[in-house]
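Descriptive structure summary
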Amino acid sequence: MSQTIRVLVADHNLEFAGRLSDFLNRQAGICVAAVARDGHGVLHQCRETLPDVAVIDLHLPVLGLDSIKTIKAVVLQNQNIRVLAISRQAADRYAIEAVKAGATG
């Protein structure tokens, strides 16, 4: 019996977050536990829903907590979570920083 992978999707663009959530929910063994649109929302939803994976946009709105700080905080909050950083830019300069902050990929 396989366990369902619970995912948190974080993107400032709610239309994109909705489409990604719909796609993930159609995959066997995956369910989207929460959606957030900024770093504070990510931390709140991670505490509330305890996802296995957080898919975090590298360009969340900076409201005191940018994407890199958010990733660091998520990993500190829950060492079992896996963070995947996403970006619309193919060669995003923040990708290396995200991995240094604790993103798995």
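Because the structure is a prediction, the values reported are computed rather than measured. (Residues numbered from 1 in each chain as written. Predicted model: local features only at pLDDT ≥ 70, side-chain atom pairs only at ≥ 80, totals over all residues. Heavy atoms only, no water.)

What follows deals with the overall build of the protein chain. Of regular secondary structure, the protein chain possesses four helices and four strands. A globule of 105 residues ought to have a C-alpha radius of gyration of about 13 Å, and the protein chain, at 13 Å, matches this closely. Reported as C-alpha extents along the three principal axes, the dimensions of the protein chain are approximately 40 × 30 × 25 Å. Out of the 105 residues in the protein chain, the part that is buried amounts to 37%. Summarising the internal contacts of the protein chain: among those between residues at least 6 apart in sequence, 70% fall at separations of at least 24. If you sum the accessible surface of the protein chain, you get close to 6200 Å²; carbon and sulfur atoms cover 54% of it. (Helix = DSSP H or I, 4+ residues; strand = E, 2+ residues; numbered from the N terminus. Rg over C-alpha atoms; globule rule 2.2 N^0.38 Å. Buried < 20%, exposed > 50% of the residue type's maximum accessible area, 1.4 Å probe, protein only. Contact = heavy atoms within 4.5 Å. Areas by Shrake-Rupley, 256 points an atom, 1.4 Å probe, with all protein chains shown as cover.)

The next subject is helix α3 (residues 67-77). Along α3, the residues that are buried comprise S67, I68, T70, I71, V74 and V75. Relative to the axis of α3, the buried residues are bounded by an arc of 160 degrees and lie together on one face. Buried positions along α3 lie against α2 (39-49), β3 (53-57), β4 (82-86) and α4 (95-101). A side-chain oxygen of the first residue of α3 lies 3.1 Å from the backbone nitrogen of I68; this N-cap is D66. (Arc of directions from axis to C-beta. Polar contact = N/O pair within 3.5 Å; in protein donor to acceptor, adjacent residues only side chain to side chain.)

The subject of this paragraph is the sheet that holds strand β2 (residues 30-36). Spatially, the four strands line up as an open sheet ordered β2-β1-β3-β4, and their pairing is parallel. The sheet terminates laterally at β2 and β4, the two strands that pair on one side only. On average, each strand axis in the sheet is inclined to that of its neighbour by 20 degrees, with strand direction left out of account. As defined by bridge partners, strand β1 (residues 5-10) adjoins β3 across four bridges and the pair is classed as parallel. What sits directly across from A10, in β3, is I56. Against the sheet, helix α1 (residues 14-25) touches β1, β2, β3 and β4, its axis set at about 165 degrees to β2. Docked against the sheet, α3 engages β3 and β4, running at close to 170 degrees with respect to β3. (Pairing = 2+ DSSP bridges. Axes fitted to C-alpha atoms, helices over the stretch in contact; angles between N-to-C directions.)

So, on to unusual backbone geometry. The backbone of L50 shows a phi angle near 50 degrees, a positive value even though the residue is not glycine. The residue L50 is located in the loop between α2 and β3 in this model. Taking the relative accessible area as the measure of exposure, L50 reaches 54% and is therefore exposed.

What follows is about the pattern of salt bridges. Enumeration according to the criterion identifies two salt bridges in this entry. Residue R19 pairs with E15 through a salt bridge whose shortest N-O separation is 2.8 Å. With R19 and E15 both in helix α1 and four residues apart, this pair spans about one turn of that helix. A relative accessible area of 52% places E15 in the exposed class. For K100, the salt bridge goes to E97, with nearest N and O atoms at 3.7 Å. Here E97 and K100 lie together in helix α4, a separation of three residues that amounts to about one turn. Of the residues examined, K100 reaches a relative accessible area of 63% and is grouped as exposed. Classification of E97 as partly exposed rests on a relative accessible area of 36%. (Salt bridge = Lys/Arg side-chain N within 4 Å of Asp/Glu carboxyl O.)

Any link to function would need more than the numbers given here.
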